[in-house]
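# Coordinate inspection notes
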Amino acid sequence: MKVCIAEKPSVAREIAGILGANARRDGYFEGNGYQVTWTFGHFCTLKEPHEYAPQWKQWSLDLLPMIPPRFSIRLIENEGVKKQFGIIEKLMSEADEVINCGDAGQEGELIQRWVMQKARNKAPVKRLWISSLTEDSIREGFDNLKEQAAFDKLYEAGLSRAIGDWLLGMNATRLYTVKYGQNRSVLSIGRVQTPTLALIVNRQSEIENFKPEPYWELKTLYRETTFSATKGRFATKEEGMKFLEEIKQSEFEITDVTTKKGEELSPRLFDLTALQVECNRKFAFSAEDTLKTVQSLYEKKLTTYPRVDTTYLSDDMYPKASAILRGLAGYEELVKPVLALARIPKSKKVFDNSKVTDHHAIIPTGVRANNISAEERKVYDLITRRFIAVFYPNCKISTTTVLGEAAKVEFKVTGKQILEPGWRVVFEKSANNRNQEEEESDKEQDNILPPFVKGEKGPHEPALNEKWTQPPKYYTEATLLRAMETAGKLVDDDELRDALKENGIGRPSTRAAIIETLFKRNYIRKERKNLYATQTGMELIGTIKEELLKSAELTGLWEKKLRQIEKSEYNPRQFIDELKQMLAEIVANVKSDRGSRITIAEAEKPKQKTPKEKKNAPERKPKVKKEKQETVATATNTQPEAKQERLLCPLCKRGTILKGKSAYGCSSWKSGCTFRLPFEEAGENLNRDELIKILQKA
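Residues numbered from 1 in each chain as written. Predicted model: local features only at pLDDT ≥ 70, side-chain atom pairs only at ≥ 80, totals over all residues. Heavy atoms only, no water.

It is worth spelling out the overall build of the chain at this point. When helices and strands are tallied, the chain shows 26 helices and 21 strands. In the chain, which comprises 698 residues, the share counted as buried stands at 49%. Carbon together with sulfur atoms contributes 48% to the accessible area of the chain, which is approximately 35,900 Å² in total. (Helix = DSSP H or I, 4+ residues; strand = E, 2+ residues; numbered from the N terminus. Buried < 20%, exposed > 50% of the residue type's maximum accessible area, 1.4 Å probe, protein only. Areas by Shrake-Rupley, 256 points an atom, 1.4 Å probe, with all protein chains shown as cover.)

Moving on, we get to the sheet that holds strand S19 (residues 657-659). Strand order in this open sheet of three strands is S19-S20-S21, and the pairing throughout is antiparallel. Looking at which strands have only one partner, the edges of the open sheet turn out to be S19 and strand S21 (676-678). In this sheet, adjacent strand axes meet at a mean angle of 20 degrees when their direction is disregarded. (Pairing = 2+ DSSP bridges. Axes fitted to C-alpha atoms, helices over the stretch in contact; angles between N-to-C directions.)

A word on the packing of helix H1 (residues 9-19) against helix H5 (residues 135-143). Relative to each other, H1 and H5 sit at 70 degrees, their axes nearing to 10 Å. When the axis of H1 is compared with that of H5, the two are roughly perpendicular. The handedness of the crossing between H1 and H5 comes out as right-handed. Along its contact with H1, which presents Glu14, Ile15, Ile18 and Leu19, the element H5 presents Glu135, Ile138, Arg139 and Phe142. (Parallel < 35°, antiparallel > 145°, perpendicular 65-115°, else oblique. Left-handed = near helix turned anticlockwise from the far one by under 90°. Contact = heavy atoms within 4.5 Å.)

For side chains of opposite charge, pairing can occur when their charged atoms come near one another. Under the counting rule described, the total for this entry stands at 37 salt bridges. We note a salt bridge from glutamate 48 to arginine 74, for which the minimum N-O separation is 3.8 Å. In this pair, glutamate 48 is assigned in the loop between strand S5 (44-46) and helix H2 (49-52) and arginine 74 in strand S6 (residues 73-75), connecting sequence segments 26 residues apart. Notably, a salt bridge pairs aspartate 165 with arginine 191, separated by 2.5 Å at the nearest N-O pair. Taken together, the residues aspartate 165 in helix H6 (residues 152-180) and arginine 191 in the loop between H6 and helix H7 (193-208) connect sequence positions 26 residues apart. Through salt bridges with shared partners, a single network forms among Arg161, Asp165, Arg191, Glu559 and Arg563. (Salt bridge = Lys/Arg side-chain N within 4 Å of Asp/Glu carboxyl O.)

Counting buried positions along strand S4 (residues 34-38) yields five of five residues, so the element is predominantly enclosed. In S4, alternate side chains face the same way, and those of Tyr34, Val36 and Trp38 on one face and Gln35 and Thr37 on the other are all buried. Sheet topology note: the strand S1 (residues 2-6)/S4 ladder contains five bridges and is parallel. Directly across from alanine 6, in S4, lies its bridge partner tryptophan 38.

Let's shift gears to the side chain of lysine 179. Turning to its location among the elements, lysine 179 is positioned in helix H6. No salt bridge is formed by the buried lysine 179. Its closest oppositely charged neighbour is aspartate 593, at 5.9 Å. A polar contact is formed between the side chain of lysine 179 and the backbone oxygen of lysine 591, at a distance of 3.3 Å. Residue contacts for lysine 179: discarding those within four places in its chain leaves Leu61, Val590, Lys591, Asp593 and Arg597. (Lys, Arg positive; Asp, Glu negative; His and termini not counted. Polar contact = N/O pair within 3.5 Å; in protein donor to acceptor, adjacent residues only side chain to side chain.)

As a further point, take the sheet that holds strand S12 (residues 252-264). Here seven strands make up an open sheet; going across it, the order is S15-S12-S13-S14-S11-S10-S16 and the pairing antiparallel. This sheet does not close on itself; its edge strands, each paired only once, are strand S15 (457-458) and strand S16 (461-468). Pairing geometry for strand S11 (residues 225-234) and strand S14 (residues 409-420), over two bridges, is antiparallel. Considered in S14, the bridge of alanine 229 is made with phenylalanine 411.

Here we take up the side chain of asparagine 100. For asparagine 100, the position within the fold is in strand S7 (residues 97-101). On the accessibility criterion, asparagine 100 (0% relative accessible area) is buried. Leave out the neighbours within four places in its chain, and asparagine 100 touches Ile5, Glu109, Gln112, Met116, Val125, Lys126, Arg127, Leu128 and Gln148.

Let us look at helix H22 (residues 572-591). For H22, with 20 residues, the first-to-last C-alpha span of 29 Å sits near the 28 Å given by 1.5 Å per residue. For H22, the complete set of buried residues consists of Pro572, Phe575, Ile576, Leu579, Met582, Leu583, Ile586, Val587 and Val590. Across the axial projection of H22, the buried residues extend over an arc of 140 degrees, all falling on one side. H22 presents Arg573 and Gln581 as exposed residues on the side facing more than 90 degrees away from its buried surface. Residues of H22 that are buried in the fold lie against H6, helix H20 (547-550) and helix H21 (552-566). Near the N-terminus of H22, the side chain that reaches the backbone nitrogen of arginine 573, with its oxygen 2.7 Å away, is that of asparagine 571. (Expected span 1.5 Å × (residues − 1). Arc of directions from axis to C-beta.)

What follows covers the environment of tryptophan 166. Mapped onto the secondary structure, tryptophan 166 falls in helix H6. Once the C-alpha coordinates of tryptophan 166 and glycine 190 are considered, the two residues, 24 residues apart in sequence, prove to be 8.9 Å apart. Among residues more than four places away in sequence, those in contact with tryptophan 166 are Leu46, Lys47, Glu48, Pro49, Tyr52, Met66, Pro68, Phe71 and Asn171. Of the polar contacts made by the side chain of tryptophan 166, one reaches the backbone oxygen of lysine 47; its length is 2.9 Å.

For the pair helix H9 (residues 272-283) and helix H16 (residues 477-485), the least separation of the axes is 8 Å and the interaxial angle reads 160 degrees. If you check the angle between H9 and H16, you find them roughly antiparallel. Judged by the twist between their axes, the crossing of H9 over H16 is left-handed. Facing Thr273, Ala274, Gln276, Val277 and Asn280 of H9, the residues of H16 in contact are Glu477, Ala478, Leu481, Arg482 and Glu485. Considered class by class, the residues forming the contact of H9 with H16 number four nonpolar, three polar and three charged. (Nonpolar A, V, L, I, M, F, W, Y, C, P; charged D, E, K, R; others polar.)

A few words now on unusual backbone geometry. Glycine aside, negative phi is the norm for most residues, and most peptide bonds take the trans geometry. With omega at 0 degrees, the peptide bond leading from leucine 64 into proline 65 counts as cis. Position of proline 65 among the secondary structure elements: in the loop between H2 and S6. Unusually for a residue other than glycine, asparagine 522 sits at a positive phi of about 60 degrees. Tracing the backbone through its elements, the reader meets asparagine 522 in the loop between helix H18 (511-520) and strand S17 (524-527). Backbone geometry places serine 568, a non-glycine residue, at a positive phi of 65 degrees.

What follows is the structure, given as C-alpha cells:
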C-alpha cells in the first residue's frame, strides 16, 4: 500500500479523488492501492528548554546560554493533532511506500519530514513536487515523482533555520526579559523580528530628529507649462531673488527641443513580496491578509504556488501559456490579441530557467474563477492582468526635453508622451478602481507637453517658491516588505533588487507573520497605513547593543547562508556553530551591562464607538452565548425549546459544527482543525438532518 501524506484535508481530498482513493476512513482516504492522509499545520516542534534539562525551566541569567547537546522534536500538545498523528503513524507502519505530498517549499518539507521521523517511518519515500493544485498538475506530478533524497538539502536548510531560531529566540528572549523586563512582560527577541523592528525604530528616530531647512526654487510658467531653473535649489532667499529680478524683465525663449523615442517593458510577474506590496498600496491589505487570500486562491486551483521569491517562469511553462490564456474567463477581450498571433511571444524577461529554483512566479492557472470573495477577486485580477500583460508589445513612448532661458538663466522641463500603449491597455479597464493618489502619480510621471519650437519667444510668469527639506516617510507594510527583501537598502531598480534578495531578511512566506508578531508583541502600531514603534519597541532596540541582533544587513548574511545550505554551498553544522559562538558573546556582554529597565507599553485599548456606530455594529455577546447561537444544534425544522446534541466535527471528532458567514466550520479551528464546508458546495440554509447526511459523506 502506498501512503500519501498531504499538508491539509482539502489537498488530501483532491489527491485522493485523482488517485481513485474514494473510500472515506477515519483520518484518511483509501482505494486503488493508495491511502491518502494529512496533517494540518505543524504537528511537531523542537522541544522546550526544560525537556532537555530540568533546570532550564527556571528563567535565570546564570543558566544562559542554553545549548542542548542534540536537538530533538516532540508532538504538539493538541488532542486533534495527537489523534491524527496516531492515524498517520499506523498507516506508515504498514506502508510499502510513502509519498510526501506536503507543501512544496522549505517549511512544508520540514513539517512532513518531522512527522515521518516522529512516526519512525521505515518505508522508502518519494516526493510530489507541484506548483499548482489543478488536476493536470497533480497527475503530472504523480507521473514524475522525485526521490526524497533530492530534497535533503532543502530539509537541512529548514532544520538549520528552526534550530537557529530556537537558539537565538529562547536565549535572547530570556536574557533580555530577566535583565531589562521588570518581571512584568516577556521581551521577545527573534532572529528576523528584531532587525525588522530596528528598521521601523531607526526610521522613526530619523524622522523625529529631522530638522527641516528652507530652500528656494526658481520656476517660470510659459504656455501653461512649468519650467524649473537648472541651477537647482537656492540656499538663501536673497540669492534666488537676485535671479528672479533679472528674468522678470526678459522674455522667455525656447533654446532647444529634444525628443527621444523609447520603450517600456510590461510590469514583471508577481513574487509574493511584490504582490503583498501592490495589495497594500492599492487596497491597504496587510501582508498577512494578502498571503491568506492568495493561499486561498491557490487551494481553489485558481493561481499557482504563492510562497515564491522569483518573478520569472521556467521554460517548460511556455507551451502551457496559450491554454492558460484561453481559460481566463472574463478576460477574453484582453486575451484575444495575444491568441491571434502566429506565435505567442517568449521573452527572456519572462521565461528564464536560471532565475527559477523550486517554483516560478505567481500566475493564474486558467481554471474558471467562480464563487470567490471580493478580496479574492481583487488579488486574482492583479495576478491575471500581470500575466496577460507580459505577452503584449512594449509600450512605445516619446520623451521630450525642452530647454529655455530668460536673461541667460537656463530652464528645463521634461515630459513623456505615449505613442503606442502596448501592454498598458491591459490595465486601462481594470476591475479594481485606481485610487486618486495613483492617478495623480501617473499624471505627474506622464507629464504631457504641448508642442514647442526652438527659437519661439513669449511672456512668462516667474516665481521664487520657498520649500522645506522633508524627512523620510514612515514605513508602511508595503515599504517595510521591500526593506526586508533588500536588507534595509532603498532600491527601485528591479535588477538590483533581484541581486539583493539573496541577503534579504526572512523569507517571502514568513515576512507577513513577522510583521504580525511585532503587532502582537505591542512593539509596533499602525495609524492609517503608517507603522510606528511603541515606547517598548523603541527602548528595546535602544537597549540592544549587539549589532548582530538588530542589523538587517547582518541578519541578511545569515539568510544568505541558509539559502546556500539549500544549494549545498554551505555547511549546516558551520552555520549552527557560528550562531552558538555569537550567542555566547551576546550573553556575556548583556550580563555585564548596567543598562536601565525597559518600559512595558500597555496594549492600546480599542477606540470607543460613537452611538451611531454602535447602532450599526453587531452587538458583542459573551463567547459561550455566541457559540450556542452559531452551533448547528437547533435546525430550522425544530422547536426553539428543544435541546439537541451538537453535531460533532467529522475531522477532529472534538469540536462542534458552527455556521459562519460563508461556510460551516469547526469550533476547534483555533486548535488547528481545518474542517470547512463552503455554502457553495452544501447550501446555506440546511436543516439538521440535511447537514448530518452531508457530514457523514465528508
